[in-house]
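Residue-level listing of the chains:
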Amino acid sequence: MREKWKRRWARRPRLSRGQRTARNFLLCVPILTLLWRLWGCPLPTAELEFRRMERTHLLPRSEIVFACTGRETPYARPGEDQDISMLSPAFLGIAGGKVTAATYELSRWMVDRYPLEEGPTPAFFGYASAYVNCPGGGEFVFPLMFVNVPREAVRGEVRLKLSYRENDYGWSGPGWDTGNGTWLFPARAPSTGYGDHWWAGGGYTLTLYREDGSLLLEKSGMLGEG
């Protein structure tokens with residue numbers, strides 16, 4: 001009986017190399033699908049993840065004006081030896097009179113929504129961090145973004161006046177042009193400690209200058225909680 005089965009097995013149809021490859025691929029599909037689901041169904045790019053986040057949060061599809069997919073090339077200012085880098089994926093999108101500020105931290109999306117104002121509009125990345133690199137060292141900061149900045153602006157400064165837990169706090173400094181009408185300013189948190197949305201209710205003054213050094217625009221307002 002054993003010899004009979006051996007002869008039958010020897011006469012079985014042989015698969016071609018291409019058929020064996022197709023068979024192995026089909027066998028791998030269920031395993032890979034299971035692993036993909038166990039890992040939370042990740043998508044291949046940060047932008048696709050951002051679009052999925054919009055759908056799951058029932059947000060309108062926005063026009064992306066700022067996109068950072070991870071540790072990308074630092075933003076620099078011409079003629080200076082100081083630059084700034086975002087440390088996690090982050091996106092700014094505009095839709096329905098709102099600015100969506102989303103960043104991917106701690107294996108989940110953190111999302112804030114701000115009213116779109118007339119002219120430059122501030123939008124904090126609430127849970128993101130950035131790193132300012134300069135000769136002799138650097139520091140971690142909170143990225144404060146502005147959208148709808150005029151294209152004529154070549155230099156920008158922001159002044160913040162905040163109050164957190166009955167402690168007044170002020171900060172000022174220059175920003176970086178990140179393209180597409182967006183600018184990034186490295187805001188420093190209060191030295192007395194801070195919590196979620198520590199900037200909410202604080203005042204800001206944004207000052208923009210043209211290439212010849214003349215004043216282009218100055219705008220003051222309040223920082224929202226998102």
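None of these values were measured; they are calculated from a predicted model.

## So, the packing of aromatic side chains
Here is step 1: Going through the model one piece at a time under the given rule, you end up with 14 aromatic pairs.
Here is step 2: Taken together, a centroid distance of 5.3 Å and an interplanar angle of 70 degrees make the contact between Phe 142 and Trp 198 edge-to-face. In this pair, Phe 142 sits in strand S9 (residues 137-147) while Trp 198 sits in the loop between strand S13 (182-187) and strand S14 (203-209), placing the two residues 56 residues apart along the sequence. Across this residue pair, the class does not change: Phe 142 and Trp 198 are buried.
Here is step 3: Chaining the aromatic ring pairs together yields one cluster made of Phe 50, Phe 91, Tyr 104 and Trp 109.
Here is step 4: A cation over an aromatic ring shows up here: Arg 77 above the ring of Trp 176, its NZ or CZ 3.9 Å from the ring centre.

## Re the pattern of salt bridges
Here is step 1: Per the counting criterion, the structure on display carries six salt bridges.
Here is step 2: Between Glu 49 and Arg 52 there is a salt bridge whose closest N-O contact spans 2.8 Å. Separated by three residues within a single helix, Glu 49 and Arg 52 lie in helix H3 (residues 46-56), roughly one turn from each other.
Here is step 3: Between Glu 80 and Arg 77 there is a salt bridge, and its shortest N-O distance comes to 2.9 Å.

Conventions adopted
- Residues numbered from 1 in each chain as written.
- Predicted model: local features only at pLDDT ≥ 70, side-chain atom pairs only at ≥ 80, totals over all residues.
- Heavy atoms only, no water.
- Phe/Tyr/Trp six-rings, centres within 6.5 Å; stacked < 30°, edge-to-face > 60°.
- Helix = DSSP H or I, 4+ residues; strand = E, 2+ residues; numbered from the N terminus.
- Buried < 20%, exposed > 50% of the residue type's maximum accessible area, 1.4 Å probe, protein only.
- Lys NZ or Arg CZ within 6 Å of the ring centre and 35° of its normal.
- Salt bridge = Lys/Arg side-chain N within 4 Å of Asp/Glu carboxyl O.

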